[in-house]
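What follows is the residue order along each chain.
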Amino acid sequence: MYASVLFFVTVSCACSTAHGLSERSFTIDYKNNCFLKDGHPFQYISGSIHYSRIPRFYWKDRLLKMYMAGLDAIQIYVPWNFHETVEGIHNFTGDRDLEHFLDLANQTDLLVILRPGPYICAEWEMGGLPAWLLQRNNIRLRSADPVYLQAVTNWFAVLLPKMTPWLYANGGNIISVQVENEYGSDYACDHNYMRHLRTVLQVYLGKGTVLFTTDGNTDKEMTCGTLEGLYATVDFGTGDNITEAFNRQRRFEPRGPLVNSEYYTGWLDHWGDEHAMVDTQKVSRGLAEMLNMGANINMYMFEGGTNFGYWNGADHDTKFRPVVTSYDYDAPLSEAGDPTEKLLAIRDVIKTFKAIPFGPMPPATPKFAYGFVMLTKVGNISSLLDTFSVGPVQSKYPLTFEELKQFYGFVLYQTTLPRDLTKPTLLISPLNGIRDRAYVSVNGVFQGLLERDTILVMNITGRQGDIMDILVENMGRVNFGSHINDYKGVIGNLILGQDVLTDWKMYPLDIDGAIAAGWPHTLRLHEETNRPSIGPTFYMGTLQPSGVAWDTFLKLNEWKKGQVWINGVNLGRYWPARGPQQTLYVPGPLLSTTLPNNITVLELEEAPVHLRLLFMDRPLLKVADKS
Ligand SMILES: *[C@@H]1O[C@H](CO)[C@@H](O)[C@H](O)[C@H]1NC(C)=O
Ligand SMILES: *[C@@H]1O[C@H](CO)[C@@H](O)[C@H](O)[C@H]1NC(C)=O
Ligand SMILES: *[C@@H]1O[C@H](CO)[C@@H](O)[C@H](O)[C@H]1NC(C)=O
Ligand SMILES: *[C@@H]1O[C@H](CO)[C@@H](O)[C@H](O)[C@H]1NC(C)=O
Ligand SMILES: *[C@@H]1O[C@H](CO)[C@@H](O)[C@H](O)[C@H]1NC(C)=O
Ligand SMILES: *[C@@H]1O[C@H](CO)[C@@H](O)[C@H](O)[C@H]1NC(C)=O
């Protein structure tokens, strides 16, 4: 800390010291181009961590490692849809206990840069916006559309009063608050929307709180994303020219501290990508250069974590590209929170700028290779409708997930064949209306699948009156760009041969609810079978307690695509055939040391001959790691 003060006296940000020493304050010194904390010049080194991607049990561990790396601050997003999944019902408990997280950060001596959105991007489902917003037809998200603004205002009226005690000036650790997120890259460019957010934030947080914006590195983005009264910052990674990027900030913010709000330590993966990696030396060299300029840096990500359940987002540039389950991000702390070479290199850079906390870096948490677990077949989706659904919704034309009020996961669409199809006949989604994958069976026989932007036709055979089951999977809503009104399900008519398919029965499926309540391990199966099936089918097994509950990585070798739960918790999606991710992170605290650990797998395409899973002691995030 002392070192950093000395440092400021000698470089560009030569701020004067101190009036009212005992008063807690965090402000911008425009004259001397820096932040002032309690009246003293302050340059922050921060790292991003998303509490929604880490089990609560591990929050303290990750925060302590960030503190020991020499960080002053953390930067966090608040995902609105994580806290208000159902409109009007708010959840701030357990893994969603934001105030507990802030408290742990405060106890760990970490300041907080808060990013409450309402839109956050973050490669998170719908950029953090709740899917129930889409129930309002033609809603213009991220704009001054009154319907959208009202929903945002209602949410902020719940969230922001919880944040005020945590503001730095009020004795907490929140030093600054970001407004929206890279708003300049949104096509709407609606300054009235930003003005509304500024007003609401100032009402709850007071005019003294430092509010800022973050935008990418073009003048257009800076023009649309910035607003008077909100301090304009930039974000850029190792590939960008640092001088030019900060010059851009200077054009919009001629005086005040230099800030890179997202310095990319790594990058994300989509299904089908090569695993992204960012070179450690480039990261540490760029960091040193920016710190030398007196800039304030937040590293995005410092700890990436996991898209558990259905929380991954998706990009949509030329086509729909969902994000993988792991959000490891090639970050300084791994997905499992382990220190990496990159972390040590970054800490070495930080050490040359300031005193870092005395003592060793906490070690990696222990990992365990529990080995193979054999599974048995439970049954297919069509035969289990009573378990997951209270009954179908009927409609002539198909309804979307949003119309059915089932926002995530899976819905079964059922109809009958309008005529005999003795020859293979094309089932077509003419408007590319499968969002996002459809698994099709006729009278219990799996016939194939459709995939958004990728597989738009398939062949069907059968007889008039045969039952056609189409299980539709939401792969995660688009989190960025002009496609964020990403309705799910069957969003346009399907055509079979010459016929438009009509008279649908749609079964919203509460699979997660059934599994959380103990299914299928509470079942007495009439006959256990280890024969694999084709088409969407459940399998179950148990990992016998071994006396330890350590972190482990689950490999589904030769399984095709699906979802896995352990002890009722949805670990996320697997899709080894598409890659790059090959294993799922299983946090140790989910496991029991004394009871059988209940594993459920929903395989959507085809299970392998050997119905087994492998628990390993290391992750495989690249296709090259496959064998
Ligand atoms: C709130 O979220 C926590 C953590 O995910 C969960 O355990 C709990 O069941 C949720 N509460 C309600 C009422 O849904
Ligand atoms: C934050 O921690 C400090 C001690 O480091 C304590 O004085 C303060 O009350 C804490 N703030 C809150 C809001 O708990
Ligand atoms: C960055 O840009 C500046 C100004 O355009 C230029 O002088 C400098 O050489 C560039 N640096 C690198 C590493 O390309
Ligand atoms: C689902 O299971 C039922 C009962 O075992 C069977 O009759 C049917 O053919 C199966 N359907 C599929 C799609 O496998
Ligand atoms: C459908 O079947 C026809 C006739 O067998 C075949 O020519 C065509 O390639 C098939 N189309 C698809 C998409 O499988
Ligand atoms: C697994 O399921 C069995 C049967 O319902 C139950 O007795 C056991 O407690 C469950 N295990 C855990 C760790 O919850």
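Calculation notes
- Throughout this description, residue numbers start from 1 for each chain and increase along the sequence as written.
- Written order decides the labels, with chains lettered from A and ligands numbered from 1.
- Given that this is a predicted model, residues contribute local features only at a pLDDT of at least 70 and side-chain atom pairs are listed and counted only at 80 or more, while totals for whole chains, interfaces and linings are drawn from all residues.
- By convention in this description, side-chain values take in all heavy atoms of the structure and omit both hydrogens and water.
- Put simply, the grid is 1 Å and covers the protein atoms alone, a cavity is a trapped set of points that fit a 1.4 Å probe, a pocket is an open set with protein on both sides within 12 Å along at least five of seven lines, and lining residues have an atom within 4 Å of a point.
- Grid points are joined across faces, edges and corners, and a volume is the space filled by probe spheres set on the points.
- Each helix is a run of DSSP H or I of at least 4 residues and each strand a run of E of at least 2, with the numbering of both proceeding from the N terminus.
- By the convention adopted, Pro, Cys, Tyr, Trp, Phe, Met, Ile, Leu, Val and Ala count as nonpolar, Lys, Arg, Asp and Glu as charged, and the other residues, Gly among them, as polar.
- Being near a molecule or strand, for a residue, comes down to having at least one heavy atom within 4 Å of it.
- N or O atoms closer than or at 3.5 Å make up a polar contact, with two conditions inside protein: a donor-capable atom paired with an acceptor-capable one, and, for residues adjacent in sequence, both atoms drawn from side chains.
- All accessibility values rest on the Shrake-Rupley procedure with a 1.4 Å probe; residue burial counts only the protein chains present in the view.
- For this text, the term disulfide refers to a pair of cysteine sulfurs within 2.5 Å.
- Type-normalised accessible area, obtained with a 1.4 Å probe on protein chains alone, sets the label of each residue: buried when under 20%, exposed when over 50%, and partly exposed for intermediate values.
- In this analysis, strands are considered paired if DSSP registers two or more bridges between them.
- Every axis in this analysis is a line fitted to C-alpha atoms, fitted for helices over the stretch in contact. Angles between the N-to-C directions lie between 0 and 180 degrees.

### Considering the layout of surface pockets
Now for step 1: Considered as a void within the structure, the largest pocket measures approximately 1,000 Å³ in volume.
Now for step 2: If you go around the largest pocket, you meet 38 residues; those closest to its centre are Thr-85, Arg-96, Tyr-310, Trp-311 and Asp-512.
Now for step 3: Put simply, the parts of the chain that give the lining of the largest pocket at least two residues each are helix H3 (80–83), helix H13 (511–516) and strand E31 (569–574).
Now for step 4: When residues in the lining of the largest pocket are grouped by element, the largest group, 4 residues, is from H13.
Now for step 5: Considered class by class, the residues forming the lining of the largest pocket number 19 nonpolar, 12 polar and 7 charged.
Now for step 6: Taken as a whole, the second largest pocket encloses approximately 500 Å³ of empty space.
Now for step 7: Around the second largest pocket, the lining is made up of 26 residues, and of these Glu-182, Glu-262, Tyr-264, Trp-267 and Phe-480 lie nearest the centre.

### Here we look at the site of ligand 5
Now for step 1: Inspection of the region around ligand 5 gives Pro-424, Leu-426, Val-457 and Asn-459 as its neighbouring residues.
Now for step 2: Within the side chain of Asn-459, one N or O atom sits 2.3 Å away from an oxygen atom of ligand 5.
Now for step 3: Summarising the interface, the protein chains cover 34% of the accessible area of ligand 5, which totals 360 Å² for the free molecule.
Now for step 4: When contributions to the shell around ligand 5 are tallied by element, the ones reaching two or more residues are strand E18 (421–428) and strand E22 (457–462).
Now for step 5: Classifying every residue of the shell around ligand 5 gives 3 nonpolar, 1 polar and no charged.

### As for the state of the cysteines
Now for step 1: In total, this model carries 1 disulfide according to the counting rule given.
Now for step 2: Two residues, Cys-189 and Cys-224, share a disulfide whose sulfurs are 2.1 Å apart. The chirality of the disulfide connecting Cys-189 with Cys-224 is left-handed, given an S-S dihedral of about -90°. With Cys-189 in the loop between strand E7 (174–178) and helix H6 (191–205) and Cys-224 in helix H7 (residues 219–225), this residue pair connects regions lying 35 residues apart in the sequence.
Now for step 3: According to the relative accessible area criterion, Cys-189 is partly exposed, its value standing at 25%.
Now for step 4: Cys-121 takes part in no disulfide bond, and the closest cysteine sulfur, belonging to Cys-224, lies 17 Å away.
Now for step 5: Assessed through its relative accessible area of 7%, Cys-121 is described here as buried.

### As for the sheet that holds strand E1 (residues 26–29)
Now for step 1: Pairing in this open sheet of 3 strands is antiparallel, and the strands run E1-E2-E3 from one edge to the other. Each having just a single partner strand, E1 and strand E3 (40–42) make up the two edges of the open sheet. Averaged over all neighbouring strand pairs, the angle between strand axes comes to 45°, with direction disregarded.
Now for step 2: Note: strand E2 (residues 34–37) against E3, 3 bridges, orientation antiparallel. Paired with Leu-36 across the bridge in E3 is Pro-41.

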